[in-house]
Amino acid sequence: MVKSTYRTSLIELSQIRKMFENTNPDAINLAIGEPDFDVPENIKNAMKKGIDDNFSHYTPNRGYEELREEIVKKLSKDNHIKTNANDIIVTCGASEALSDCCQALFEKGDEVLIPNPGFLSYEATVKLAEAKPVGYETPMERGFKVKTDDIQEKITENTKGIILNSPSNPTGAVIDKEDIRGIADLATDNDIMIISDEIYEKIIYDNKKHYSPGAYSDNVITINGFSKAYAMTGLRLAYMSSPSYFTEELLKVHQYTTACASSISQIGGIEALRGPQESVSKMAKEFEKRRDLITDSLNDMGYECVKGEGAFYVFPKVPNPEEFVRKAMDAGVLCVQGIAFGSEGKNNVRMSYANSYENIEKAMDILRKI
Ligand code: PLP
């Protein structure tokens with residue numbers, strides 16, 4: 001026994017993973033958080049060529065310049081973020097970017113505002129930096145949307161960071177433009193850094209628009225990547241765009257943790273950004289159909305369910321989430337208790353519609369019966 005306590009005792013293993021370790025393999029999985037689509041052919045072909053052309057060496061720590069230049073163009077065009085290749089760091093997924101940000105920015109005594117309910121990694125990565133996660137509630141009655149005032153109320157002299165996630169996992173909520181702008185102004189005025197997790201940016205419905213706080217404030221690290229938009233989850237590729245004054249701090253963490261993201265995945269990333277984007281909009285259209293099916297079915301069954309504006313999750317309110325998840329699992333449908341995403345999810349369950357239309361129909365039939 002080397003040591004009686006470890007930093008990792010501050011956190012627990014993911015409850016979601018644990019929950020489904022020994023479950024029926026034939027169950028319909030509405031618990032997963034990844035697109036059920038394949039990587040588009042043009043991206044696959046670029047990566048195959050990358051292997052043949054021996055792109056198997058370390059890349060620059062920040063990532064290939066060619067990829068970073070494409071990211072700069074994308075951020076300018078889609079997000080109105082003016083940056084340059086030097087302030088982009090390509091990472092092993094948004095997960096690494098998030099962890100790098102927390103390690104570089106926070107320390108004991110710092111408070112970091114995180115969404116409640118919110119993606120599990122926020123609490124864990126903040127705690128691993130020994131900072132204190134402080135949840136901001138996003139009530140169901142408001143479509144789970146955060147408002148500028150909610151954030152303002154939670155700011156203290158110890159607040160060092162705000163994590164935003166739009167579109168949201170687990171609620172599908174998209175933050176309105178006025179609040180993105182309002183929260184960006186709060187960050188500027190109070191000397192706080194926003195970490196803006198925009199990984200679901202491209203999975204958005206009803207002609208809703210995505211807005212980035214990085215367009216309005218210098219105190220923003222924008223995280224985005226390829227996992228969801230291009231169905232590249234296993235290829236572990238994302239990036240962060242940092243204000244110039246902070247890039248080298250992030251680079252220190254990234255450099256000593258992973259050195260660089262996979263060279264072949266980066267080749268795929270260049271093609272993803274440069275190539276045709278039809279597969280992205282096709283995928284989003286298909287998700288939109290599934291969203292309508294699942295939300296309407298759940299509402300018909302009497303479960304209050306907000307029609308999300310993005311990502312691929314619904315977060316219905318159910319009378320007894322623990323019993324609901326257990327009964328659904330016994331009957332062959334996997335979903336997750338909302339409490340896994342924070343105390344404000346205690347009356348809800350999360351269902352992902354990253355599964356086929358037919359499977360969602362079957363799953364809804366099963367739920368109707370039980
Ligand atoms: N951020 C959110 C909100 C997510 O839901 C996920 C994955 O589910 C991630 C980040 C991690 O993305 P990546 O696969 O790029 O690490």
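Please read these numbers as outputs of a predicted model, since none were measured by experiment.

## Regarding the pairing of strand β7 (residues 220–225)
With six of six residues buried, β7 is to be regarded as a mostly interior element. Burial along β7 is two-sided: the residues Val220, Thr222 and Asn224 and Ile221, Ile223 and Gly225 are all buried.

## Side note on the packing of aromatic side chains
Scanning all chains against the criterion turns up 13 aromatic pairs. Ring plane angle 90° and centroid distance 6.0 Å describe the contact between Phe55 and Tyr64, whose orientation is recorded as edge-to-face. Taking relative accessible area as the criterion, Phe55 reaches 34% and is therefore assigned partly exposed. Judged by its relative accessible area of 15%, Tyr64 is buried.

## Brief notes about the sheet that holds strand β8 (residues 238–241)
Strand order in the open sheet formed by seven strands is β2-β8-β7-β6-β5-β3-β4, with mixed pairing between adjacent strands. Either end of the sheet is taken by a strand with one partner, and the two such strands are β2 (88–91) and β4 (132–137). Going from strand to strand, the sheet's axes swing by 20° on average, the running direction of each strand aside. Bridge count between strand β3 (residues 111–116) and strand β5 (residues 159–165): three bridges; the pairing is parallel. Each bridged residue has a counterpart across the sheet, and for Glu111 the counterpart in β5 is Thr159. In the packing of helix α3 (residues 65–79) onto the sheet, contacts are made with β2, β7 and β8, and the angle to β2 comes to roughly 115°. Sitting on the sheet, helix α4 (residues 93–105) touches β2, β5, β6 (193–197), β7 and β8, and the angle it makes with β7 is about 160°.

## Looking at the site of the ligand
Ala94, Ser95, Asp197, Lys228 and Arg236 are the nearest of the 13 residues found near the ligand. Tyr200 places a polar side-chain atom, nitrogen or oxygen, 2.8 Å from an oxygen atom of the ligand. For the ligand, an oxygen atom lies 2.8 Å from a polar atom in the side chain of Ser227. In terms of residues, the shell around the ligand owes the most to one element, α4, which gives three residues. The residue inventory of the shell around the ligand, partitioned by class, reads five nonpolar, five polar and three charged.

## Notes on empty space enclosed by the protein
The final tally for this structure, using the stated rule, is three cavities of 30 Å³ or more. In this structure, the largest cavity occupies an estimated 90 Å³ of space. If you trace the largest cavity, you find it lined by Pro115, Pro117, Tyr136, Thr138, Phe144, Lys145, Val146, Asn165, Ser168, Thr171, Ala173 and Ile175. The residue makeup of the lining of the largest cavity, split by class, is seven nonpolar, four polar and one charged.

## Notes on the domain arrangement of the protein
Splitting the protein by domain gives domain 1 (9–38 + 278–369) and domain 2 (41–274). One C-alpha centre belongs to domain 1, the other to domain 2, and the line joining them spans 24 Å. If you look at the interface, domain 1 gives 38 residues, while domain 2 gives 33 residues. Both faces combined, the contact of domain 1 with domain 2 buries some 2900 Å², and carbon together with sulfur accounts for 64% of it. Linking domain 1 with domain 2 are three salt bridges, by the criterion used here. With a shortest N-O distance of 2.7 Å, Glu309 and Lys145 are connected by a salt bridge.

## Digging into the layout of surface pockets
There is about 790 Å³ of room inside the second largest pocket. Asp78, Glu201, Lys202, Ile204 and His210 are, among the 29 residues lining the second largest pocket, the residues nearest its centre. Those elements that provide at least two residues to the lining of the second largest pocket are α3 and α10 (278–300). Ranked by residue count, the leading element in the lining of the second largest pocket is α3, at six residues. A breakdown of the residues in the lining of the second largest pocket according to their chemical character gives nine nonpolar, seven polar and 13 charged. In this structure, the lining of the second largest pocket is formed jointly by two domains, domain 1 (9–38 + 278–369) and domain 2 (41–274), each of which donates at least three residues.

## Notes on helix α5 (residues 120–128)
Taken residue by residue, α5 has Tyr122, Thr125 and Val126 as its buried positions. Along the axis of α5, the buried positions cluster into a sector of 100°, meaning they face one direction only. Lining the buried residues of α5 we find α4, β3, β4, β5 and β6. Just downstream of α5, Glu130 is the residue with a positive phi angle, here 65°.

So, how was this worked out
- Residues numbered from 1 in each chain as written.
- Predicted model: local features only at pLDDT ≥ 70, side-chain atom pairs only at ≥ 80, totals over all residues.
- Heavy atoms only, no water.
- Buried < 20%, exposed > 50% of the residue type's maximum accessible area, 1.4 Å probe, protein only.
- Helix = DSSP H or I, 4+ residues; strand = E, 2+ residues; numbered from the N terminus.
- Phe/Tyr/Trp six-rings, centres within 6.5 Å; stacked < 30°, edge-to-face > 60°.
- Pairing = 2+ DSSP bridges.
- Axes fitted to C-alpha atoms, helices over the stretch in contact; angles between N-to-C directions.
- Contact = heavy atoms within 4.5 Å.
- Near = heavy atom within 4 Å.
- Polar contact = N/O pair within 3.5 Å; in protein donor to acceptor, adjacent residues only side chain to side chain.
- Nonpolar A, V, L, I, M, F, W, Y, C, P; charged D, E, K, R; others polar.
- 1 Å grid on protein atoms, 1.4 Å probe; cavity = no way out; pocket = protein on both sides within 12 Å on 5 of 7 lines; lining within 4 Å.
- Points joined across faces, edges and corners; volume = space filled by probe spheres on them.
- Domains from an automatic or database assignment.
- Buried area = accessible area lost by both parts, 1.4 Å probe.
- Salt bridge = Lys/Arg side-chain N within 4 Å of Asp/Glu carboxyl O.
- Arc of directions from axis to C-beta.

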